[in-house]
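Understanding the architecture of this molecule
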Amino acid sequence: MFTFHSMTDVTLWITGTVVFLIILSTRKNPLYAAGSFVQEMFTSRKFAIHFILLIGILFINKIELIIANSMHYKADFTPSIFGLEGNFVAWFQHLFLNNTLTYFSTFFYVVIFTSLMIASVFIYTYQKNYKMFYAVCYAILLNYIIAIPFYLFFSVSEVWSFRPDVQFLMGHIFPTFEIDYRPLSGVHNCFPSLHTSISVSMAVIALKSKNKFWGLFSVFSAAFIIFSIFYLGIHWLTDASAGLVLGIAAGRRGIRISEGKAWVANLFGNLNKNRDFQKQSLD
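Structure report, in brief. Numbering of residues begins from 1 in every chain and follows the order in which that chain's sequence is written. The predicted nature of this model means local features are confined to residues of pLDDT at least 70 and side-chain atom pairs, given and counted, to a pLDDT of 80 or more, with totals for whole chains, interfaces and linings taken over all residues. The side-chain figures draw on all heavy atoms in the structure; neither hydrogens nor water molecules are used.

1. Topic: the overall build of the protein
For clarity, the threshold we go by: For helices the rule is a DSSP run of H or I covering at least 4 residues; for strands it is a run of E covering at least 2, with both sets numbered from the N terminus onward. Throughout, radius of gyration means the C-alpha value; the globule benchmark is 2.2 Å times the number of residues raised to the power 0.38.
If you tally the helices and strands in the protein, you get 14 helices and 0 strands. Scanning the protein from its N terminus toward the C terminus, one meets helices and strands in the order α-α-α-α-α-α-α-α-α-α-α-α-α-α. Against the globule reference of 19 Å for 283 residues, the protein gives a C-alpha radius of gyration of 20 Å, in line with a compact fold. Its C-alpha atoms give the protein principal-axis dimensions of about 70 × 45 × 30 Å.

2. What about the nonpolar core?
As a reminder of what qualifies: Residues belong to a common nonpolar core when they are buried Ala, Val, Leu, Ile, Met, Phe, Trp, Tyr or Cys residues joined through side-chain atoms within 4.5 Å. For the exposure calls, accessible area comes from a 1.4 Å probe over protein chains only, and a residue counts as buried if that area is under 20% of its type's maximum, exposed if over 50%, partly exposed in between. Only heavy atoms matter for contacts: two residues are in contact if any of them lie within 4.5 Å across the pair.
Judged by nonpolar contacts, the single largest core of 78 residues is most densely connected at Phe4, Tyr109, Val110, Tyr124, Met170, Ile205 and Trp214. Take this core: its biggest share by element is 14 residues, from helix 7 (residues 130–153). Ignoring any residue separated from it by four or fewer positions in sequence, one finds Trp214 in contact with Leu21, Ser25, Leu116, Ala119, Ser120, Ile123, Tyr124 and Ala206.

3. Observations regarding the packing of helix 11 (residues 194–208) against helix 12 (residues 212–231)
Test applied: A fitted line through C-alpha atoms serves as each axis, taken over the contacting stretch for helices, and the angle formed by two N-to-C directions is quoted from 0 to 180°. Working definition: roughly parallel below 35 degrees, roughly antiparallel above 145 degrees, roughly perpendicular at 65 to 115 degrees, and oblique for all remaining angles. Less than a right angle of anticlockwise turn of the near helix away from the far helix marks a crossing as left-handed, whereas a clockwise turn marks it as right-handed. Put simply, Ala, Val, Leu, Ile, Met, Phe, Trp, Tyr, Cys and Pro go in the nonpolar bin, Asp, Glu, Lys and Arg in the charged bin, and everything else, Gly too, in the polar bin.
Following both chains from N to C, one finds helix 11 and helix 12 inclined at 165°, their axes separated by 8 Å at the closest point. The angle between the axes of helix 11 and helix 12 places the two elements in the roughly antiparallel class. Between helix 11 and helix 12 lies a crossing of left-handed hand. The segment helix 11 lies against helix 12, with His195, Thr196, Ser199, Val200, Met202, Ala203, Ala206 and Leu207 engaging Trp214, Gly215, Ser218, Val219, Ala222, Ile225, Ile226 and Ile229. Split by residue class, the contact of helix 11 with helix 12 holds 11 nonpolar, 5 polar and no charged.

4. Concerning the pattern of salt bridges
To keep things clear, this is the line we draw: By definition, a salt bridge exists where a carboxyl oxygen of Asp or Glu is found within 4 Å of a side-chain nitrogen of Lys or Arg.
Counted by the stated rule, this structure contains 1 salt bridge. Of the charged contacts in the structure, one is a salt bridge between Arg163 and Asp165, with a shortest N-O distance of 3.3 Å.

5. A few points about the layout of surface pockets
Applied cut-off: The rule is simple: put a 1 Å grid over the protein atoms alone, call a set of points where a 1.4 Å probe fits but cannot get out a cavity, call an open set with protein on both sides within 12 Å along at least five of seven lines a pocket, and count a residue as lining if it has an atom within 4 Å of a point. Grid points are joined across faces, edges and corners, and a volume is the space filled by probe spheres set on the points.
Roughly 1,000 Å³ of volume is contained in the largest pocket. Residue lining of the largest pocket: 40 residues in total, with Leu58, Phe113, Thr114, Met117 and Ile118 positioned closest to the centre. Within the residue set of the lining of the largest pocket, elements represented by two or more residues are helix 1 (7–26), helix 2 (30–43), helix 3 (45–70), helix 6 (99–126), helix 7 and helix 11. Here the element with the most residues in the lining of the largest pocket is helix 1; it accounts for 8 residues. Class assignment of the residues belonging to the lining of the largest pocket gives a composition of 29 nonpolar, 9 polar and 2 charged. Of the volumes computed, that of the second largest pocket is approximately 270 Å³. Considering the residues around the second largest pocket, the lining is formed by 16 residues, among which Ala68, Lys74, Tyr151, Ser155 and His188 are closest to the centre. Secondary-structure elements contributing two or more residues to the lining of the second largest pocket are helix 3 and helix 7.

6. Examining the packing of helix 7 against helix 13 (residues 237–258)
Helix-helix packing is described using two parameters, namely the angle between the two axes and the distance between the axes. Here helix 7 crosses helix 13 at 135°, and the two axes come no closer than 7 Å. Between helix 7 and helix 13, the angle falls in the class oblique. For helix 7 against helix 13, the interelement crossing comes out right-handed. Here Lys131, Met132, Tyr134, Ala135, Tyr138, Ala139, Leu142, Asn143 and Ile146 of helix 7 come into contact with helix 13, specifically with Leu246, Gly247, Ala250, Gly251, Arg253, Gly254, Ile255, Ile257 and Ser258. Per-class residue counts for the contact of helix 7 with helix 13 are 11 nonpolar, 5 polar and 2 charged.

Laid out in structure tokens, this is it:
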């Protein structure tokens, strides 16, 4: 089996996994997908703006963590969550505890989760399924926009940090998790579970894309990621339930916006219309 010793190891695994998923989903050389992406970045203003916004979400997440650490408002709702659902996570973890599951759960939580988002961008771009690419951008943005206020004002701690009968199994496979990965995800940013919501959004969009392999793989991955957040001792059942609702809603809304059935789509549509008009004027 494997062990993640640093974020370099994680990055290499993610890169290899994305390449593998692109091959399985497109049946083509992954360099073709990379070429299509680069071409769109330089020829489509709409595409480039959406991708830049997608990357910008990562910085929004970093800013949220900085703001949360500096806030004087420190209300902790973890005891209320525990009072609501009790020892479900402890029972769940002890029921399935197994070394092989620990490896696979960590891999899905750390590698597959990120690979779903990255591979989606390249797969949809290569297949010229731009509506699904835009849907991914909108869905991820909606997930973060809705989740961040909860992270700031509805603090819920990860299960293992609150309950001594729950192990943080991630540390067995990724010993430097708290140093290398933690800056991307605060220990008090539990409700709703973004691992649940984003993976579910990717599955909702993948099913709509009509790529049979990618749809089935995304659904399976979302299901196993939800399993992993309990098994690894990270999220509460309440977090996952909220994440499931958010993920479905964000995925469906992202598709709706990308199909031009919401006002946001008109904003980007006008950008392209203005660009085309300028080109015609120059001609």
